[in-house]
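Observations on chain architecture
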Amino acid sequence: MMEYKVVECKEIKIVGVSAPASFITNKDVTPQLAKQFMPRLNAVSAKKDNYRISLQNYNGFNLKTFNPNTIFEKWIGVEVSDFVDVPKEMQSLTISSGNYLVIDFKGSIPEFMQFWQHIHLKWLPKSEFELDSRPHFERLPQSYSPMNSVNEEEIWIPVK
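Residues numbered from 1 in each chain as written. Predicted model: local features only at pLDDT ≥ 70, side-chain atom pairs only at ≥ 80, totals over all residues. Heavy atoms only, no water.

1. Looking at the overall build of the protein chain
On a plain count of helices and strands, the protein chain comes out with two helices and eight strands. Traced from its N-terminal end to its C-terminal end, the protein chain shows the element sequence β-β-α-β-β-β-β-α-β-β. For the protein chain, whose C-alpha radius of gyration is 15 Å, the value lies close to the compact-globule estimate of 15 Å for 160 residues. Reported as C-alpha extents along the three principal axes, the dimensions of the protein chain are approximately 45 × 35 × 30 Å. Total accessible area on the protein chain stands at roughly 9200 Å², and carbon and sulfur atoms take up 50% of it. Positive and negative side-chain charges in the protein chain, numbering 18 and 19 respectively, have mean positions lying 3 Å apart. (Helix = DSSP H or I, 4+ residues; strand = E, 2+ residues; numbered from the N terminus. Rg over C-alpha atoms; globule rule 2.2 N^0.38 Å. Areas by Shrake-Rupley, 256 points an atom, 1.4 Å probe, with all protein chains shown as cover. Lys, Arg positive; Asp, Glu negative; His and termini not counted. Charge placed at Lys NZ, Arg CZ, Asp CG, Glu CD.)

Okay, here's the thing in structure tokens:
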């Protein structure tokens, strides 16, 4: 049985960089965004913690119409307490309040992809939860690196 918790979130503020992506191009877009963002991470002054955010804004993710070519907005950033001093070349995003299903994951990037598919295509449709239309994201600790064979991260899935 999969372990999870439901977290009731107030509004979440993100500062970072974004670009259009699809499930096919995400493996290329994500590292490009990280290369843009990570050298400028310290320019973000209102960080709430030391986690990085890898975010997918699907604009209404629907499992029934799932298509690997569907374009969504990919973000790399951090959670902030306010938007008072957003660095140039960075953007801001506000996620409305609501519940998130939070799952701790430990494994490789290919294992993450399999786990993500299992959650969305098999587990969620049989669960008591319904996907909400807010962004999905992963909280990555400072130790996270795509070069690691095993990483730990939190998967945050919007539910209602």
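Picking up after the structure, the text goes on.
2. Side note on the nonpolar core
Soluble globular proteins tend to pack their nonpolar side chains together in the buried interior. Judged by nonpolar contacts, the single largest core of 31 residues is most densely connected at Phe-37, Leu-101, Ile-103, Ile-119, Leu-124, Ile-155 and Ile-157. Looking at this core element by element, the count peaks at six residues for helix α2 (residues 109-126). In this structure, Ile-103 is in contact with Met-2, Glu-3, Tyr-4, Phe-115, Ile-119, Glu-153, Glu-154, Ile-155 and Ile-157, ignoring residues within four places of it in sequence. Counting residues in each nonpolar core, the second largest holds 12 residues, with Ile-14, Ile-53, Leu-55 and Ile-95 among its members. (Core = buried A, V, L, I, M, F, W, Y, C linked by side-chain atoms within 4.5 Å. Buried < 20%, exposed > 50% of the residue type's maximum accessible area, 1.4 Å probe, protein only. Contact = heavy atoms within 4.5 Å.)

3. Examining the layout of surface pockets
Considered as a void within the structure, the largest pocket measures approximately 860 Å³ in volume. Together, 30 residues line the largest pocket, and Thr-30, Ser-54, Ile-109, Tyr-144 and Pro-146 are the ones closest to its centre. With five residues, helix α1 (residues 26-37) is the single largest residue contributor to the lining of the largest pocket. Its residues placed into classes, the lining of the largest pocket shows 17 nonpolar, eight polar and five charged. The volume enclosed by the second largest pocket comes to roughly 250 Å³. Lining the second largest pocket are 13 residues, and of these Phe-61, Asn-62, Leu-63, Glu-130 and Leu-131 lie nearest its centre. Classifying every residue of the lining of the second largest pocket by side-chain character gives six nonpolar, three polar and four charged. (1 Å grid on protein atoms, 1.4 Å probe; cavity = no way out; pocket = protein on both sides within 12 Å on 5 of 7 lines; lining within 4 Å. Points joined across faces, edges and corners; volume = space filled by probe spheres on them. Nonpolar A, V, L, I, M, F, W, Y, C, P; charged D, E, K, R; others polar.)

4. Some points on unusual backbone geometry
The backbone of Glu-89 shows a phi angle near 70 degrees, a positive value even though the residue is not glycine. Inspection of the secondary structure assignment puts Glu-89 in the loop between β4 (72-80) and β5 (91-95).

5. Remarks on the sheet that holds strand β3 (residues 52-57)
Spatial ordering of the open sheet is given by β1-β6-β8-β7-β3-β4-β2-β5, a layout of eight strands whose pairing is antiparallel. Every other strand in the sheet has two partners, leaving β1 (5-9) and β5 as the edge strands with one partner each. Taken pair by pair, the neighbouring strands of this sheet meet at an average axis angle of 35 degrees, ignoring direction. In terms of strand pairing, strand β7 (residues 136-140) meets strand β8 (residues 151-159) through three bridges, oriented antiparallel. (Pairing = 2+ DSSP bridges. Axes fitted to C-alpha atoms, helices over the stretch in contact; angles between N-to-C directions.)

6. Concerning the pattern of salt bridges
Pairs can form between side chains of opposite charge whenever their charged atoms are close. Across all of its chains, the model carries nine salt bridges by this definition. Among the ionic pairs, Glu-11 bridges to Lys-13, the shortest N-O distance being 3.1 Å. The class of Glu-11 is partly exposed, set by a relative accessible area of 46%. Taken together, the shared-partner salt bridges in this structure form one network comprising Asp-49, Arg-139 and Glu-154. (Salt bridge = Lys/Arg side-chain N within 4 Å of Asp/Glu carboxyl O.)

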